[in-house]
Amino acid sequence: MMRKVIEIFTLKKAAVKLGLLTAVLLLSVVSKAQTTVALNPSEDAEVWASNPTINYGSASELNVNPSTWAGTDYIQRGLVKFDLASIPSGAVVSNAKLYLYYTSTAAGARTIAVHNITSSWSESTVTWSNFGASFDATVLATDNFSYPSELNGVWDLTTTVQSMVDGQTVHNGWVLKDASENTHYNYYWRFATKENINSTIHPVLEITYTVAANVEVSASQNTICANGSSNLTATGGTNYTWSPATGLNTTTGANVIAAPLTTTTYTVTGDVPSGTD
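Concerning the sheet that holds strand S19 (residues 230-235)
Then, number 1: Within the open sheet, the three strands sit side by side as S17-S19-S21. Their pairing is antiparallel. Among the strands making up the open sheet, the edge pair consists of strand S17 (216-219) and strand S21 (255-258). Each neighbouring strand pair of the sheet contributes to a mean axis angle of 20°, computed without reference to strand direction.
Then, number 2: Bridge count for S17 against S19 is four bridges, and the pairing is antiparallel. What sits directly across from Glu-216, in S19, is Thr-235.

Quick look at the nonpolar core
Then, number 1: Leu-98, Trp-155, Trp-174, Leu-176, Phe-191 and Ile-207 are the most contacted members of the largest nonpolar core, which totals 31 residues.
Then, number 2: Sequence-distant contacts of Trp-155, defined by excluding residues within four places in its chain, comprise Ala-96, Lys-97, Leu-98, Leu-100, Ile-112, Val-114, Ala-141, Thr-142, Asp-143, Phe-145, Leu-176 and Phe-191.
Then, number 3: Of all hydrophobic cores here, the second largest spans 12 residues; its members include Val-47, Trp-121, Val-126 and Phe-135.

Concerning the sheet that holds strand S10 (residues 102-105)
Then, number 1: Read from one edge of the open sheet, three strands run S5-S15-S10, paired in antiparallel fashion. A single partner strand is all that each edge strand has here, and the edge strands are strand S5 (61-64) and S10. Neighbouring strand axes in the sheet, compared pairwise and without regard to direction, differ in orientation by 25° on average.

Quick word on the pattern of salt bridges
A side chain of one charge can pair with a side chain of the opposite charge if their charged atoms are brought near each other.
Then, number 1: Enumeration according to the criterion identifies five salt bridges in this entry.
Then, number 2: The shortest N-O distance in the salt bridge between Glu-181 and Arg-77 comes to 2.7 Å. Of this pair, Glu-181 sits in the loop between strand S14 (174-178) and strand S15 (189-192) while Arg-77 sits in strand S8 (residues 76-81); the two residues are 104 residues apart in sequence, bridging distant segments of the chain.
Then, number 3: Of the charged contacts in the structure, one is a salt bridge between Glu-195 and Lys-194, with a shortest N-O distance of 2.9 Å.
Then, number 4: With relative accessibility at 28%, the residue Glu-195 sits in the partly exposed group.
Then, number 5: When its relative accessible area of 24% is taken as the criterion, Lys-194 is described as partly exposed.
Then, number 6: Bridged by salt links that share partners, the residues Arg-77, Lys-177 and Glu-181 form one connected network.

The rules behind these values
- Residues numbered from 1 in each chain as written.
- Predicted model: local features only at pLDDT ≥ 70, side-chain atom pairs only at ≥ 80, totals over all residues.
- Heavy atoms only, no water.
- Pairing = 2+ DSSP bridges.
- Helix = DSSP H or I, 4+ residues; strand = E, 2+ residues; numbered from the N terminus.
- Axes fitted to C-alpha atoms, helices over the stretch in contact; angles between N-to-C directions.
- Core = buried A, V, L, I, M, F, W, Y, C linked by side-chain atoms within 4.5 Å.
- Buried < 20%, exposed > 50% of the residue type's maximum accessible area, 1.4 Å probe, protein only.
- Contact = heavy atoms within 4.5 Å.
- Salt bridge = Lys/Arg side-chain N within 4 Å of Asp/Glu carboxyl O.

Here's what the structure looks like:
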């Protein structure tokens, strides 16, 4: 369950009326629900320049290779796409990282870049020939690899995932390519795909986001006098806990009675109901 925090501020004025001290309750809700999801690809494949019409969508490995040798182009690139439908409209993405897991290499050190793909594709039909240069030249992120110390890949894609969630960028997935293609024969770096028999090393897109919680807080009395009280009510969540206990008749539940003797900030913490994010 996710936790959310709602702050209720009570401000007591130094005012005297007929010998009674008057307190004014000011209510403010500060509440966001944070979620982290780990997504596996909906599509992944590689494309290979030396076999331009062959589809590798069912392969268990994804190769990134910069190679050219004796006039023959051996370049390989990896394609990945994730279904972002579970990220709600209006979500604020605070972190989005793509993780790929090493299976083998023939390189000592490489840099691999991620680019936005600019047209639709299917892992069951994509080839080097029909994919072509269907990606944006802008590098979104890079990661450096070095055998044997830096094997797995991590790319920060927070900005582009936010743009996709906002509908500003069409999500066709990403292409992974060596940052220095046409160099070094057979300097491949291989990663597991979603078809790999070892499910623990499948590609992952981990996204952390927040959405405004549909929580309301109200008080039965906006102004209370000495020895008076106000009923405070929280809605939109479950399993509420209030603090501090001073001036409250109880510290649990959606409804509490507040009778503060001094200026007090009450905080209520509750669970976000399933399906509200």
